[in-house]
Amino acid sequence: MRTSAVVSGVLALLLLVLVVAGWSPLLSFDLAVVEALHRSALAHPCFTRVNRVLSDWVWDPLTLRLLALAVALTLFRYGRRRLALWVAGTVAVAAGLQQAVKALVGRDRPEWRDPVDSGSFAAFPSGHAMTAAVVCGLLLWVVAVVGREPWRGWGTLAGLAVVSVLGVGWTRLYLGVHWPSDVLAGWLLGWCCVAVAVVTYRRSPDRGPLPGGERAGDGKET
């Protein structure tokens, strides 16, 4: 997991440098993709509305952060306080990192004469993509930590997580509010946050037994 954190962080940093430097091949690719998708969005208004619902409600960062908060509160209630704080803290740190990078890079979003949606703040990285990667990654990790035995629903949960992470990236591109490199950076930074959270959780000191005799560091942490 430590290697995963380093690799995703380095790739995100490299992408940031290329965006700031205005590397022509990357910018040309970004432009070609968003222009093609914008034409499709204008030509298929019903499908565009579906994407807006998914992007602005189902996979909105606020919705996902509230889901993570609900999970953290549930963990706290059932005695997994250390894990609950790790989940809530990781989501908060990721949100702060996201806004800091947006302010640092200050990249403009795609501009259209006939937009189908709009976005707030700077473009890089995609907040939707980063939040989805963080929250979905954390939820899968939580299930792995607290699970006592193989769970039949694991495959379904993992599938929903993958669909959500990839799907939210697609909606942001299809709606013309992000460049492809914004979405990729969001995924990379989000996964880096999850990987760092897992590594630091494993290395943090065990603070003793929890209710029921369980120790804070117990559970599957693979």
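Data block above holds the structure.
Definitions and limits used
- Residues numbered from 1 in each chain as written.
- Predicted model: local features only at pLDDT ≥ 70, side-chain atom pairs only at ≥ 80, totals over all residues.
- Heavy atoms only, no water.
- Helix = DSSP H or I, 4+ residues; strand = E, 2+ residues; numbered from the N terminus.
- Polar contact = N/O pair within 3.5 Å; in protein donor to acceptor, adjacent residues only side chain to side chain.
- Contact = heavy atoms within 4.5 Å.
- Disulfide = S-S within 2.5 Å.
- Phe/Tyr/Trp six-rings, centres within 6.5 Å; stacked < 30°, edge-to-face > 60°.
- Buried < 20%, exposed > 50% of the residue type's maximum accessible area, 1.4 Å probe, protein only.
- Lys NZ or Arg CZ within 6 Å of the ring centre and 35° of its normal.

### Focus on the side chain of Thr 90
Working step 1: Within the secondary structure, Thr 90 sits in helix 5 (residues 81–105).
Working step 2: Polar side-chain contacts of Thr 90 include one of 2.7 Å to the backbone oxygen of Trp 86.

### Some details on the side chain of Ser 164
Working step 1: Here Ser 164 lies in helix 7 (residues 154–174).
Working step 2: Beyond its immediate sequence surroundings of up to four residues, Ser 164 is in contact with Trp 59, Ala 132 and Cys 136.

### Description of the state of the cysteines
Working step 1: This model, assessed by the stated rule, comprises zero disulfides.
Working step 2: A disulfide-free cysteine, Cys 136 has its sulfur positioned 14 Å from the sulfur of Cys 193, the nearest such atom.
Working step 3: Cysteine Cys 193 is unpaired, with the sulfur of Cys 192 as its nearest cysteine sulfur at 5.9 Å.

### Overview of the packing of aromatic side chains
Working step 1: Inspection of the entire model under this criterion finds four aromatic pairs.
Working step 2: With a centroid separation of 5.1 Å and an interplanar angle of 70°, the aromatic rings of Phe 47 and Tyr 174 are classed as edge-to-face. Pair noted here: Phe 47 is in helix 3 (residues 45–58) and Tyr 174 is in helix 7, with a separation of 127 residues, a long-range link.
Working step 3: The partly exposed category is assigned to Phe 47, whose relative accessible area is 41%.
Working step 4: Ring geometry for Trp 141 and Tyr 201: centres 5.1 Å apart, planes at 85°, overall edge-to-face. On the criterion of sequence distance, the pair formed by Trp 141 in helix 6 (residues 127–146) and Tyr 201 in helix 8 (residues 180–203) is long-range, its members being 60 residues apart. Each member of the pair Trp 141 and Tyr 201 is classed as buried.
Working step 5: Of the aromatic side chains, those joined through ring pairs into one cluster are Phe 47, Trp 170 and Tyr 174.
Working step 6: Over the ring of Phe 76 we find Arg 81; its NZ or CZ atom is 5.1 Å from the centre of that ring.
Working step 7: The ring of Tyr 201 carries Arg 82 above its face, with NZ or CZ at 4.0 Å from the centroid.

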